[in-house]
Every structure is written in C-alpha cells, then in structure tokens.
Amino acid sequence: MTTAAPTSSRDLPHPERTEIRLEAVLHALSDPMRLLVVRELAADGDELSCSHFDLPVTKSTTTHHFRVLREAGVIRQVYRGTAKMNGLRRDALDDLFPGLLDSVLAAAARQAVRLGGS
C-alpha cells in the first residue's frame, strides 16, 4: 500500500482515500483497545490528543495501536504544536463502506452494556 508521503519530518503518512481497504479497517477495529479509541473519537466528534486516551497498556503499545488505526485509514493524525491530534476519518469510511462504522460502533456499545463496561 502506498501512502501519502510526509511533507515534513513531523507529517505522518496516511493512506489516500482510494487506498483504504476493508480488510485493513476490519483488522484495525478488531482489537479492543483500538475499538475503544475509535469509540471515544466518534463520541467526541472532534480531534483528541494521544494523551487524552488512558489505555491500560504501555506507551509503546498505545503508539502501536494508533499507528495501526492511522495506516488502515481509520484515523488521521496531525501535529498541533507538540500534541499529536487524532481524528476519525468518518467521511472517508462512510463513503467507502456505508453503514460499517455506525454498525461497529452500535455493536460495541451493545456489547459494553451486555458485559457491564462503558
């Protein structure tokens, strides 16, 4: 998969909209920690910094999860000053895979209720 080349040392590579693949998106959403990140981004509706997320994993594992989401085209990461901001690529995902994100988010919410989580 080719990705948009960074234009500076602080720009991160992202797949172009036409390069986003269903199997990569499904893989990215299959991990509970990554799904939690996506649920929080969807609920907020805006960009959130990496430090906003309090995942019960090491910093390096958190970084890995964000990279998987970015490389799959699920999120866009940009630097704003010293903060790395994360935004859900909802428009691209909804255009490419209509209803997928809403269905996954709704199923995750039902599962959280069923299992007593949030």
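For clarity, every value in this text was computed on a predicted model and none was experimentally measured.

Draft legend 1. Seen up close, the layout of surface pockets. Computed from the structure, the largest pocket encloses a volume of approximately 290 Å³. Around the largest pocket, the lining residues are S49, C50, S51, K59, T62, T63, F66, R67, R70, Q77, A83 and K84. Only α3 (59-72) and β5 (83-88) provide two or more residues apiece to the lining of the largest pocket. In the lining of the largest pocket, the residues fall into three nonpolar, five polar and four charged.

Draft legend 2. Representation of the pairing of β5 within the structure. The pairing of strand β3 (residues 48-49) with β5 spans two bridges and is antiparallel. Following the sheet pairing, L48 is matched in β5 by N86. Here six bridges tie strand β4 (residues 75-80) to β5, and the two strands are oriented antiparallel to one another. In the strand pairing of β5, Y79 is matched with K84.

Draft legend 3. Looking closely at the packing of helix α2 (residues 32-44) against helix α5 (residues 100-114). Direction vectors running N to C along α2 and α5 enclose 110°, while the axes themselves pass 11 Å from each other. Classified by the angle between their axes, α2 and α5 sit roughly perpendicular to one another. Packed against α2, whose contacting residues are L35, V38, R39 and A42, the element α5 presents L101, V104, L105, A108, A109 and A112 at the interface. Looking at the contact of α2 with α5, its residues break down into nine nonpolar, no polar and one charged.

Draft legend 4. Representation of the pattern of salt bridges within the structure. All told, the structure shown has five salt bridges when counted by the stated rule. Across the pair R67 and E71 runs a salt bridge, and its minimum N-O distance is 3.2 Å. Here E71 and R67 lie together in helix α3, a separation of four residues that amounts to about one turn. Using a relative accessible area of 35% as the deciding quantity, one classes R67 as partly exposed.

Draft legend 5. Looking closely at the sheet that holds β3. One open sheet holds the three strands; their spatial order is β3-β5-β4, and the pairing between them is antiparallel. In this open sheet, the two edge strands, each paired with only one partner strand, are β3 and β4. With respect to the sheet, α3 is in contact with β4 and β5, its orientation differing from that of β4 by roughly 115°.

Draft legend 6. Focus on the nonpolar core. Counting residues in hydrophobic clusters, the biggest one holds 25 residues, and the most contacted among them are V25, V38 and V74. When residues of this core are traced back to their parent elements, those giving at least two are α1 (22-29), α2, α3, α4 (90-96) and α5.

Draft legend 7. Inspection of the packing of α2 against α3 at higher detail. Remark: α2 packs on α3, axes separated minimally by 10 Å, with the N-to-C direction vectors making an angle of 70°. In this view, α2 runs roughly perpendicular relative to α3, as classed from their interaxial angle. Crossing angle aside, the handedness with which α2 passes α3 is right-handed. In this structure, α2 uses M33, R34, V37 and V38 to contact α3, whose residues at the interface are H64, H65, F66, V68 and L69.

What counts, and where the lines are drawn
- Residues numbered from 1 in each chain as written.
- Predicted model: local features only at pLDDT ≥ 70, side-chain atom pairs only at ≥ 80, totals over all residues.
- Heavy atoms only, no water.
- 1 Å grid on protein atoms, 1.4 Å probe; cavity = no way out; pocket = protein on both sides within 12 Å on 5 of 7 lines; lining within 4 Å.
- Points joined across faces, edges and corners; volume = space filled by probe spheres on them.
- Helix = DSSP H or I, 4+ residues; strand = E, 2+ residues; numbered from the N terminus.
- Nonpolar A, V, L, I, M, F, W, Y, C, P; charged D, E, K, R; others polar.
- Pairing = 2+ DSSP bridges.
- Axes fitted to C-alpha atoms, helices over the stretch in contact; angles between N-to-C directions.
- Parallel < 35°, antiparallel > 145°, perpendicular 65-115°, else oblique.
- Contact = heavy atoms within 4.5 Å.
- Salt bridge = Lys/Arg side-chain N within 4 Å of Asp/Glu carboxyl O.
- Buried < 20%, exposed > 50% of the residue type's maximum accessible area, 1.4 Å probe, protein only.
- Core = buried A, V, L, I, M, F, W, Y, C linked by side-chain atoms within 4.5 Å.
- Left-handed = near helix turned anticlockwise from the far one by under 90°.

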